Amino acid sequence: MVAAHETTLRELLEGAKQYRVPLYQRTYSWTDSQLQRLWDDIRGLAGERTKDPSLTHFIGSLVLAPSPTNGPAGVSEFLVVDGQQRLTTLSILLCALRDHRAQHEGPDHRDRIDQEFLINKYKPAHRFKIVPTQADRSAYQACLEATPQAGGSDRVGAAYRYFVAQLAAGADDPDDPLDMEHIEDAIISGMALVSVVAQAGDNVYRIFESLNNTGLKLTQADLLRNYLFMRLPSRGEAVYNSLWFPLQQQLDSGKLEQLFWLDLVHRNPEVKQTDTYTGQQARLNGLHNEEEIEAEVRRFCRLGALLRIILRPEEEGDPEVRRRLARLNAWDTTTVYPLLLHLLDRRKQGTATSAQIASAMLYVESFFIRRLLVGRATASINRILLRVVTDMRADLPVDEAVRAYLSVGRKYYATDSSIRDAVRSMPFYLNGRATQRNLVLQWLEESYGSKEPVKLSSLTIEHVMPQSPTTEWRKVLSQDLQGEESFAEAHEALVHTLGNLTLTGYNSELSNSSFLVKRAQLGKSGISLNQEIAAQKRWGRPEIHARADSLAERIIVNWPGPTEEAGNRSEVPWDVMNKALAALPAGSWTAYGDVAALIGSHPMPVGVRLANHPAPNAHRVLQAEGTVSPGFRWFDASRSDDPRDLLRAEGVEFDKYGRASQAQRFNVEELAQLAGMPQQDTSKQLLRARSHRKDLLDDRFVEQLTDLQDPQVAVGVTAVLEAWASMGGMPLYGSGGETSCFLMARGKDHELGNIWPATIYPSGKFEIVFQHLSTRTPFDDIALREEFRRRLNELPGVKIAAAKLALRPGFPLDVLVDPKARAALIEHLGWFYQQTMHPKDAAAERLGWFAGLLRTPRA
């Protein structure tokens, strides 16, 4: 049975009472925004009650239970099961009000407010009317006793300082000496609560749990803490002080929740983090006494100290373990944490050495890197990692057990032969996350053991043969073409491979420069990776392949592969090809070379695969010039129709020579988007953008633009930027190696969020960000994106396929040399700006146009 009634703070606090916040409750956590809402409510109520003293303001419920320990005669003692945050806040406010009135109106107010609402003067053993949880007591006591420590940097101190500042800033109106009395009256008599008091014998925790499940949400860590200490009625305070409080000091609430989930994963790898509390509660229900519960808290404390080391590798004592933890931490895959916690605990229990757990971590690091190199960075990675602890063999040393587990089944722990093939052919630059690609190159550089200090984290990835090759680069690569291979096919097959990539701190300065220029600059570098490149006389296919082979051997030496049980297989990721082809929209096509570059293969094997195995949209794969391969055949032998007829029906345009429109072709980067490979995160570029630069033109952008483009192109781009600024837009410049320019129509502070139509790259691309626009008002309407595409296609030399409305297509910057094209682009950007800044007006205009169309008499 519970009794509930409406009450006020006066009724709760008057008389000899004490409200004790249990040890298991979370610490005081109200922030300024919550404090401001309460203060605004109190000030408003104070004014209203001068006219109608019966008015109250409901601020929530307070769930109380009789204390299990009997207080002295004459003191009513309660546990605060729920509502401690608002009760503590009101008490802190009374402390601030007391000090304000004592200073400005006389010391009598101190004794009066203390004795009526804050302390039990004649009950020294139960002096405080409100006793916060252990972690907050010293800060609360400082406020209650008005010591010099009152108003510290903790949350309790911050609340006290907030209210002191509000009272000093004008609440005490000199024209109304009763103003403070009105404020006090509103707090004491105007703040209404529903007091729910459990009866002796009620299961208080069940009441609390029920309340939490109906909307008063705590974290799962809070719930588990509450459950544990409800199970410790006599040992609670000792366990809290000796074990839980130190654990809470090491890990915040989110990390505590993570710890409890990691512990469950060691038993059940399928458990979800959202089920942490219910899973732990079900497990702990099997324990029968306080000693067993205390042992569990002690175990959590031990594991918590180990999780802290995982999160802060610099606190690890063994240098090799510290190095491996730091690397796995940098890789940023948290599903490896259950294994890391298990390894550290094995060492703590004496069943593994530091050398063994460091070796196990090296195998995991190798597993990550080798998967990335063969284009399998994310395939089933979470499922694989979460099962290591439960599925690995118990009869092997822990490092060999980890290696053996990762080596069997479809876990893509690439063999040495697979690494040699993949480093030559896979588009490394398009696989995995950008930070992980950088890490691989940084760790490769570290493997040279250079003595020259280089801050690798400040470097970016540079394509030696550029992504947008100049005439000079075309001449070099053309010397290496084989058979009927086109330049585009050769370039796509090489440009994103590891052999063509390095690290530099001056990516933008190198960019599309000739190899002679790059070689001279790289030769000055203290980076061993660059010195190897600078030693070459030219940079084409043979040199890229030779460097790839050299890097592959270095990778094999530094990152050990799977056991011999894995076999010497070399797998082509045909499933990645199928995923990209399945997403290839109607009205588009791609080339055998594009597909081959995506999966690290060659055009001929791709053709053979499509002819002999079922694959989605195989008819949309053509030769580089847009023609159907002479060797094309349907996998379904009963079909004999011309694939061009089907492509035309789907919307692909062919010229009189039977060549598909190049505007409708999806290149390897666009296929990578379709296959779900992680793309460059433009939102992070914007977050790092030099937003303090309000200039129309950024120095680095201009420098790169004039270095990489003809003067006429630079003039055209500048004219577009000036026009964009004049209509109200703002250029925002990125912070990457190549300084991109975002044409911002709305900033992030706009009520509809930020939006930009295009990004300009000095290397030569005017990119239309349809992918971004699909999530921004009003261009989340596909009809508007289609209208924008149609308008852009009016520009001479621009033809964006309808199939690319979900991607980031673009056109060359040299289109802007033509004054007519430039003027048309500016006009269409103006239309875009009008749509984004005045979406309702634009929508009404479109609706009026449509209505007018309907009223037009038909001929």
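Just so it is clear, the structure is predicted and the values come from calculations on it, not from any experiment.

Note the cis peptide between Thr777 and Pro778, where omega equals 0 degrees. Relative to the helices and strands, Pro778 is located in the loop between helix H36 (770-773) and helix H37 (782-792). Although it is not a glycine, Tyr412 adopts a positive phi angle of roughly 60 degrees. Mapped onto the secondary structure, Tyr412 falls in the loop between helix H19 (398-407) and helix H20 (416-425). What makes Tyr412 buried here is its relative accessible area of 13%. Even without being a glycine, Asn617 presents a positive backbone phi close to 55 degrees.

Turning to the pairing of strand S14 (residues 765-768), a few remarks are in order. In the sheet, strand S13 (residues 758-761) pairs with S14 via 4 bridges, with the strands oriented antiparallel. Residue Ala758 lies in a different strand from S14, and its bridge partner there is Ile768. The pairing of S14 with strand S15 (residues 810-812) spans 3 bridges and is antiparallel. Each bridged residue has a counterpart across the sheet, and for Phe766 the counterpart in S15 is Phe811.

With that settled, consider the packing of aromatic side chains. The description of an aromatic ring pair rests on the distance of the ring centres and on the angle between the ring planes. Applying the stated rule across the entire model yields 26 aromatic pairs. Ring geometry for Phe229 versus Tyr240: centroids 5.8 Å apart, planes at 65 degrees, classification edge-to-face. Residue Phe229 is found in helix H9 (residues 220-230), and its partner Tyr240 is found in helix H10 (residues 236-250); the two are separated by 11 residues along the sequence. An identical accessibility class is assigned to Phe229 and Tyr240; each is buried. A ring pair is formed by Phe779 and Phe788, whose centres lie 6.2 Å apart and whose planes are at 65 degrees; its orientation type is edge-to-face. Following the ring pairs from residue to residue traces out a cluster consisting of Phe229, Tyr240, Trp244, Phe245, Phe260 and Phe300. Geometry around Phe300 places Arg299 over its ring, the cationic atom sitting 5.2 Å from the centre.

Turning our attention to the packing of helix H11 (residues 253-265) against helix H12 (residues 276-284). In contact at an axis separation of 9 Å, H11 and H12 are set at 55 degrees when each is read in the N-to-C sense. On the basis of the axis angle, H11 is oblique to H12. By crossing handedness, the relation of H11 to H12 is classed as left-handed. Residues Glu257, Phe260, Trp261, Asp263 and Leu264 of H11 pack against Thr276, Gly279, Gln280 and Arg283 of H12.

Quick look at the pattern of salt bridges now. Inspection of the entire model under this criterion finds 53 salt bridges. Linking Arg283 and Glu296 is a salt bridge whose minimum nitrogen-to-oxygen distance equals 2.7 Å. Highlighted residues: Arg283 in helix H12 and Glu296 in helix H13 (residues 290-311), separated in sequence by 13 residues. We classify Glu296 as buried; its relative accessible area is 11%. The partner of Glu650 in a salt bridge is Arg620, and the shortest N-O contact between them spans 2.9 Å. With Glu650 in helix H31 (residues 643-650) and Arg620 in the loop between helix H30 (603-612) and strand S10 (621-622), this residue pair connects regions lying 30 residues apart in the sequence. Each member of the pair, Glu650 as well as Arg620, carries the same accessibility label: buried.

Moving on, we get to helix H27 (residues 541-558). Between its first and last C-alpha, H27 extends 26 Å over 18 residues, near the 26 Å set by a 1.5 Å rise per residue. Here H27 has its buried residues at Arg541, Glu543, Ile544, His545, Arg547, Ala548, Leu551, Ala552, Ile555 and Ile556.

Right, let's talk about the environment of Asp594 for a bit. In this structure, Asp594 sits in helix H29 (residues 592-599). The class for Asp594 is buried, based on a relative accessible area of 0%. As for Asp594 and Ala624, which are separated by 30 residues in sequence, their C-alpha atoms are 8.4 Å apart. One polar contact links Asp594 to Arg665, side chain to side chain, over a distance of 2.9 Å.

Spatial strand order, S11-S12-S13-S14-S15: 5 strands in an open sheet with antiparallel pairing. A single partner strand is all that each edge strand has here, and the edge strands are strand S11 (730-733) and S15. Averaged over all pairs of adjacent strands, the angle between strand axes in this sheet comes to 20 degrees, irrespective of strand direction. Looking at chain direction, S11 and strand S12 (residues 741-744) are connected through 4 bridges and run antiparallel. By the bridge assignment for S12, Pro731 is matched with Leu743.

Let's shift gears to the side chain of Asn431. Mapped onto the elements, Asn431 comes out in the loop between H20 and helix H21 (434-446). On the accessibility criterion, Asn431 (3% relative accessible area) is buried. When neighbours within four sequence positions are excluded, Asn431 is seen to be in contact with Leu372, Gly375, Met426, Arg437 and Met677.

This next bit is on the state of the cysteines. Note on terminology: disulfide describes a covalent bond linking the sulfur atoms of two cysteines. Taken as a whole and assessed by the stated rule, the structure comprises 0 disulfides. No disulfide involves Cys95; its sulfur sits 6.0 Å from that of Cys143, the nearest cysteine. The class of Cys95 is buried, set by a relative accessible area of 0%.

The next subject is the packing of H9 against H10. Between H9 and H10, the least distance of the axes is 11 Å, while the angle of their chain directions is 155 degrees. By the angle between their axes, H9 is roughly antiparallel relative to H10. You can see that H9 and H10 cross each other, and the crossing is right-handed. When H9 is examined against H10, the residues Arg225, Leu228 and Phe229 are found in contact with a partner set consisting of Gly236, Val239, Tyr240, Trp244 and Gln248. Of the residues in the contact of H9 with H10, the class split is 5 nonpolar, 2 polar and 1 charged.

With that settled, the discussion passes to the side chain of Glu316. Here Glu316 is to be found in the loop between H13 and helix H14 (319-331). Given a relative accessible area of 5%, Glu316 falls into the buried group. In this structure the side chain of Glu316 is engaged in a polar contact, spanning 2.8 Å, whose partner is the side chain of Arg347. Among all residues touching Glu316, those that are not within four sequence positions of it are Ile309, Val321, Arg322, Leu325 and Arg347.

The rules behind each value
Residues numbered from 1 in each chain as written. Predicted model: local features only at pLDDT ≥ 70, side-chain atom pairs only at ≥ 80, totals over all residues. Heavy atoms only, no water. Helix = DSSP H or I, 4+ residues; strand = E, 2+ residues; numbered from the N terminus. Buried < 20%, exposed > 50% of the residue type's maximum accessible area, 1.4 Å probe, protein only. Pairing = 2+ DSSP bridges. Phe/Tyr/Trp six-rings, centres within 6.5 Å; stacked < 30°, edge-to-face > 60°. Lys NZ or Arg CZ within 6 Å of the ring centre and 35° of its normal. Axes fitted to C-alpha atoms, helices over the stretch in contact; angles between N-to-C directions. Parallel < 35°, antiparallel > 145°, perpendicular 65-115°, else oblique. Left-handed = near helix turned anticlockwise from the far one by under 90°. Contact = heavy atoms within 4.5 Å. Salt bridge = Lys/Arg side-chain N within 4 Å of Asp/Glu carboxyl O. Expected span 1.5 Å × (residues − 1). Polar contact = N/O pair within 3.5 Å; in protein donor to acceptor, adjacent residues only side chain to side chain. Disulfide = S-S within 2.5 Å. Nonpolar A, V, L, I, M, F, W, Y, C, P; charged D, E, K, R; others polar.

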